[in-house]
Amino acid sequence: MSIPGRTSDEDLLRRLVPQVLGALVRRYGHFDAAEDAVQEALLAAVRQWPESGRPDNPRGWLIRVASRRLADTLRAEEARRRREERSLAHTPRDELHAPPPDENRAPTEDDTLTLLFLCCHPALSEESRVALTLRAVGGLTTAEIARAYLVPEATMAQRISRAKRRVRAAGARFVPPAGGERGDRLSAVLHVLYLVFNEGYTATAGSSLQRRDLAAEAVRLARALRGLLPGNGEVAGLLALMLLTDARREARTGPDGELVPLPEQDRGLWRTDAIEEGVALVTEALTSGPPGPYQLQAAIAAVHDEAPTAADTDWPQILALYELLARLAPGPVVALNHAVAAAMVHGPRVGLGRLAALEDDPGMADHHRLAAVRAHLLEMAGEPGAARMAYDTAAERTLSLPERRYLRSRAARLA
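It should be emphasised that the depicted structure is a prediction, and the values quoted were computed from it without experimental measurement. (Residues numbered from 1 in each chain as written. Predicted model: local features only at pLDDT ≥ 70, side-chain atom pairs only at ≥ 80, totals over all residues. Heavy atoms only, no water.)

### Quick word on the overall build of the protein chain
- Within the protein chain one finds 19 helices and 2 strands.
- Within the protein chain, buried positions represent 51% of all 415 residues.
- Taking as baseline every contact in the protein chain between residues at least 6 positions apart, the subset at least 24 positions apart corresponds to 67%.
- Looking at the protein chain as shown, the accessible area adds up to about 19,200 Å², and 52% of this sits on carbon and sulfur atoms. (Helix = DSSP H or I, 4+ residues; strand = E, 2+ residues; numbered from the N terminus. Buried < 20%, exposed > 50% of the residue type's maximum accessible area, 1.4 Å probe, protein only. Contact = heavy atoms within 4.5 Å. Areas by Shrake-Rupley, 256 points an atom, 1.4 Å probe, with all protein chains shown as cover.)

Here you go:
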């Protein structure tokens, strides 16, 4: 992926993707074909703009090129075009209206949000939602998404194609969901952005601990969503959580890419601007209404970030926040982190007791993080032999090479 070193043209193209795609979908009603046409227009811009210069109206240029590509596709698929025309004949004209491709008009503010809702349609699986969001809203190419998730490009192309077919088969239209469905779909959008960020911040597999480009894209999309829904506390909470977590990025790895755990990080490398912004966001969100899960997670991250040293961390406050989070949004990951907080306040034996409840959880029992936390708490409890075995178990289970090296080094120190 090229995000970290992308030029100003590439920045602009990524921002224009939902605007251009929204204009085409509202006009033609073909999400899958329009998305392909927009990707072709983006590639044309990448090839032509460096030589001929950026056009005066980049958005209009992209819409014109994408519209021509889409028109060519529709002409080539005559039978499909007739089916779509019959379907569109029953749709009110005002729902399909869009300005001419060359009109220099700002897009409606709902375009990006409507695209996010469309990409997180209930008919799609979680992995398909992630892939389609990165492609249609993030403007990433199939090859970039495939590299980010360590799968062959052909595999990712099939995944995206299946997702678009499912959206079409579900009869989804380019309109914002109404009523209770809007809240459900917004929850799915937030979850997708959360998953993208987590995969970028701590890669689940591969030779690198982080995929900074993927994390940066999640932050960018969260900022866009915050701009569209400035009064939503959970949107603000998610953006705050990303900023407060990503602020530690430079301190998480050593010179050779090795993992540096939070207590051992050089806090002078943490980005104070991101911390200040994240704290301000979550403070405002928590004081304006009842807290949600992302706000609580952001508040926990803020407590960590505001501690001058690891020894100064306010663990009783973190424990209280996890207890509230466990009641509001229970789950194995929350329970695991809750156990760590309990251990830091009440001692490792209390934490180990809480871990026992996760042994039978199908989503956590064989996860390397459970074994790693157990190893850490056993080490705190003065049981080096048992801790070493748990570290070895965790190392065998993780697919991340930096995490594996770190866990094996911890085990070796206890040998």
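Alright, that's what it looks like, and here's the rest.
### Points about the pattern of salt bridges
- Applying the stated criterion across every chain yields a total of 21 salt bridges.
- For the salt bridge of Glu35 with Lys164, the shortest nitrogen-to-oxygen distance reads 3.1 Å. Of the two residues, Glu35 sits in helix H2 (residues 31–52) while Lys164 sits in helix H8 (residues 153–169), which places them 129 residues apart along the sequence. For the pair formed by Glu35 and Lys164, the shared burial category is buried.
- The closest approach of N and O atoms between Arg410 and Glu379, which form a salt bridge, is 3.0 Å. With Arg410 in helix H19 (residues 401–413) and Glu379 in helix H17 (residues 368–380), this residue pair connects regions lying 31 residues apart in the sequence. (Salt bridge = Lys/Arg side-chain N within 4 Å of Asp/Glu carboxyl O.)

### Comments concerning the nonpolar core
- Ranked by size, the top nonpolar core spans 103 residues in total, and within it Leu24, Phe31, Leu62 and Leu225 carry the most contacts.
- Not counting residues within four places of it along the chain, the set of residues in contact with Leu24 comprises Gly29, Ala34, Ala37, Val38, Ile63, Ala66, Ser67 and Leu70.
- Formed by 26 residues, the second largest nonpolar core is a distinct cluster that contains Ala343, Leu358, Leu378 and Leu414. (Core = buried A, V, L, I, M, F, W, Y, C linked by side-chain atoms within 4.5 Å.)

### Quick look at helix H12 (residues 272–287)
- Compared with the 22 Å implied by 1.5 Å per residue over 16 residues, the 22 Å span of H12 between its first and last C-alpha is a close match.
- Every buried residue of H12 is listed here: Ala274, Ile275, Gly278, Val279, Leu281, Val282 and Ala285. Around the axis of H12, the buried residues are gathered within 165° of arc, so they sit on the same side. Of the exposed residues in H12, those oriented more than 90 degrees away from the buried face are Thr272, Glu276 and Thr287.
- Where H12 is buried, its residues contact helix H10 (212–228), helix H11 (233–246) and helix H13 (293–306). (Expected span 1.5 Å × (residues − 1). Arc of directions from axis to C-beta.)

### Focus: helix H3 (residues 58–76)
- In this model H3 runs 27 Å from its N-terminal to its C-terminal C-alpha over 19 residues, within 8% of the 27 Å that 1.5 Å per residue would give.
- Among all positions of H3, only Pro58, Arg59, Gly60, Trp61, Leu62, Ile63, Val65, Ala66, Ser67, Leu70 and Leu74 are buried.

### Some thoughts on the packing of helix H6 (residues 126–136) against helix H9 (residues 180–201)
- The contact between H6 and H9 brings their axes to 10 Å, and the two run at 80°. Here H6 lies roughly perpendicular to H9, going by the angle between them. In contact with Glu126, Arg129, Val130, Thr133 and Leu134 of H6, H9 contributes Ala188, His191, Val192, Leu195 and Val196.
- When grouped by side-chain class, the residues that make up the contact of H6 with H9 number 6 nonpolar, 2 polar and 2 charged. (Axes fitted to C-alpha atoms, helices over the stretch in contact; angles between N-to-C directions. Parallel < 35°, antiparallel > 145°, perpendicular 65-115°, else oblique. Nonpolar A, V, L, I, M, F, W, Y, C, P; charged D, E, K, R; others polar.)

### Overview of the packing of aromatic side chains
- All chains considered together, the criterion is met by 3 aromatic pairs.
- Between Phe197 and Tyr201, the aromatic rings sit 5.7 Å apart at their centres with planes inclined by 15°, giving stacked as the arrangement. A residue pair is termed a helical-turn pair when its members lie 3 or 4 positions apart in one helix, as Phe197 and Tyr201 do in helix H9 at 4 residues. Each member of the pair Phe197 and Tyr201 is classed as buried.
- In this structure, Arg248 packs its charged tip against the face of Trp270, placed 5.8 Å from the ring centre.
- The positively charged end of Arg252 is found above the aromatic ring belonging to Tyr201, 3.8 Å away from the centroid. (Phe/Tyr/Trp six-rings, centres within 6.5 Å; stacked < 30°, edge-to-face > 60°. Lys NZ or Arg CZ within 6 Å of the ring centre and 35° of its normal.)

### Comments concerning the environment of Leu352
- Following the sequence through the fold, Leu352 ends up in helix H16 (residues 348–355).
- According to the relative accessible area criterion, Leu352 is buried, its value standing at 16%.
- It is 6.6 Å that separates the C-alpha atoms of Leu352 and Leu377, two residues lying 25 residues apart in sequence.

### Comments concerning the confidence of the model for the protein chain
- Put simply, the protein chain has an average pLDDT of 86, and 90% of its residues get 70 or more.
- Ignoring residues within four places in sequence, the model shows residues 1–6, a span with pLDDT below 50, making 19 contacts including any to other chains.
- Overall, residues 93–110 carries pLDDT values under 50, and its contacts beyond four positions in sequence, including any with other chains, amount to 30 contacts. (pLDDT = per-residue confidence, 0-100.)

### Focus: the packing of helix H14 (residues 315–328) against helix H15 (residues 332–346)
- One way to put it is that H14 packs onto H15 with a least axis distance of 9 Å and a crossing angle of 150°. Taken together, the axes of H14 and H15 lie roughly antiparallel to each other. Like other packed secondary-structure pairs, H14 and H15 cross with a definite hand, here left-handed. Residues Trp315, Pro316, Ile318, Leu319, Tyr322, Glu323, Leu325 and Ala326 of H14 form the contact with H15, whose participating residues are Val334, Asn337, His338, Ala341, Ala342, Met344, Val345 and His346. (Left-handed = near helix turned anticlockwise from the far one by under 90°.)

### Some words on the environment of Asp72
- With respect to the secondary-structure elements, Asp72 resides in helix H3.
- Residue classification places Asp72 among the partly exposed positions, given a relative accessible area of 42%.
- Separated by 35 residues in the primary sequence, Asp72 and Ala37 have C-alpha atoms spaced 9.6 Å apart.

### A short note on the state of the cysteines
- For the coordinates displayed, the defined rule picks out 0 disulfides.
- With no disulfide of its own, Cys119 lies 6.6 Å from the sulfur of Cys120, the closest cysteine sulfur. (Disulfide = S-S within 2.5 Å.)

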